[in-house]
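A look at the structure
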Amino acid sequence: MTDTSTSPRSTGSGRRPQAGPPLLAPVAAFAVTTVAYTIVNRETPHPDASGVAVLHYAQTHETAAEVGALLMLGSAVPLALGAAVLYRRLRALGVTAPGSAITLVGGVLGSVALALSSIFGWAGGRLAADAPPALARALADLSFLSGGPLYAATFALLIAGISVTGLLAGLLPRGVTWTGLPLAAIGMVSLLTLVASGFGFLLPIVRFGGLVWLVFVAALLPKTRHRTRHQNA
């Protein structure tokens, strides 16, 4: 039977479930490091650039590549932390369906994708002058694929988990949840960038649109649930 009580579920010891630490802190850190990375690496060669161009950039922008890798790796940590806090918050609000777990999995996988991208980017920025251009192009491709399509698809899981749960359980304003659903769909469609570069314009929509959306979620998601409807959403 669906629980429609007006207070959060209690634990077995009679204590109320804990909602976890403030959600805005890791989300804000994720936003700041993401924007900082974009500014530092704004001149990075495009995915269709030649290996020679990529190698030249690595040799003339080594500091920017290293700082960019540091910032991207730094953004991976608060994303994972934010996903964990979101999962704990949803569970404390009575969500028992897969939405909360999908949110956690999407956030963790998105964090891994960013970490991989930073590792490949750092390695590509330290290539010697006599390194083969093909190696520079391969490292750049791996960095792009992990930080682009892979990140967009996994981050889409986080967005979908929150949006569906927030919509069915009434945890977020409908405008926020209905905005998240197309963002999640765009994240999945952006995987087509692997076979058609024309879909690449979708990647920044997910990265920055999803970032702004997540800030709104962090600010609006309640810590307690005074009226619980559709408890098992």
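Residues numbered from 1 in each chain as written. Predicted model: local features only at pLDDT ≥ 70, side-chain atom pairs only at ≥ 80, totals over all residues. Heavy atoms only, no water.

1. Examining the overall build of the protein
Along the protein, the regular secondary structure elements total 7 helices and 0 strands. Counting from the amino terminus, the protein carries its helices and strands in the arrangement α-α-α-α-α-α-α. Taking all 233 residues of the protein together, 43% fall into the buried category. Long-range contacts, defined as pairs at least 24 residues apart, comprise 80% of the intrachain contacts of the protein with a sequence gap of at least 6. (Helix = DSSP H or I, 4+ residues; strand = E, 2+ residues; numbered from the N terminus. Buried < 20%, exposed > 50% of the residue type's maximum accessible area, 1.4 Å probe, protein only. Contact = heavy atoms within 4.5 Å.)

2. Some points on the packing of aromatic side chains
Pairs of aromatic rings are described using the distance from one ring centre to the other and the angle between the two planes. Under the criterion given, the structure shown has 2 aromatic pairs. Centre to centre, the rings of F30 and F155 are 6.3 Å apart; their planes meet at 45°, and the pair counts as tilted. Separated by 125 residues along the polypeptide, F30 in helix α1 (residues 24-40) and F155 in helix α5 (residues 133-169) bring together distant segments of the chain. Taking the relative accessible area as the measure of exposure, F30 reaches 2% and is therefore buried. Judged by relative accessible area, which is 0%, F155 ranks as buried. Arranged with centres 5.3 Å apart and planes meeting at 15°, the rings of Y151 and F155 form a pair that is stacked. You can see Y151 and its partner F155 sitting in helix α5, 4 residues apart, about one turn around the helix. F155 carries the same exposure label as Y151, and that label is buried. (Phe/Tyr/Trp six-rings, centres within 6.5 Å; stacked < 30°, edge-to-face > 60°.)

3. As for the nonpolar core
Counting residues in each nonpolar core, the largest one holds 37 residues, and the members touching the most others are F155, L158 and L214. Elements with a minimum of two residues in this core: α1, α3 (62-92), α4 (99-124), α5, α6 (174-189) and α7 (202-220). In terms of residue count, the dominant contributor to this core is α5 (8 residues). Not counting residues up to four positions away in its chain, the partners in contact with F155 are F30, L79, G106, V206, G210, L211 and L214. Counting 7 residues, the second-largest nonpolar core is a separate cluster that includes A49, V54, A131 and A136. (Core = buried A, V, L, I, M, F, W, Y, C linked by side-chain atoms within 4.5 Å.)

4. Concerning the side chain of N41
Of note, N41 is situated in the loop between α1 and α2 (51-60). Once residues lying within four places of it in the same chain are set aside, the contact partners of N41 are A64 and G68.

5. Focus: the pattern of salt bridges
In total, this model carries 2 salt bridges according to the counting rule given. Between E66 and R126 there is a salt bridge, with its nearest N and O atoms 3.1 Å apart. Of this pair, E66 sits in helix α3 while R126 sits in the loop between α4 and α5, and the two are 60 residues apart along the sequence. For R126, a relative accessible area of 45% gives the class partly exposed. As a salt-bridge pair, D141 and R137 come within 2.9 Å of each other at their nearest N and O atoms. Here D141 and its partner R137 are both found in helix α5, 4 residues apart, which amounts to about one turn of the helix. (Salt bridge = Lys/Arg side-chain N within 4 Å of Asp/Glu carboxyl O.)

6. Details of the packing of α2 against α5
In contact at an axis separation of 7 Å, α2 and α5 are set at 80° when each is read in the N-to-C sense. Comparing the axis directions of α2 and α5 gives the class roughly perpendicular. Touching G51, V52, V54 and L55 of α2 are P133, A136, R137 and A140, all from α5. (Axes fitted to C-alpha atoms, helices over the stretch in contact; angles between N-to-C directions. Parallel < 35°, antiparallel > 145°, perpendicular 65-115°, else oblique.)

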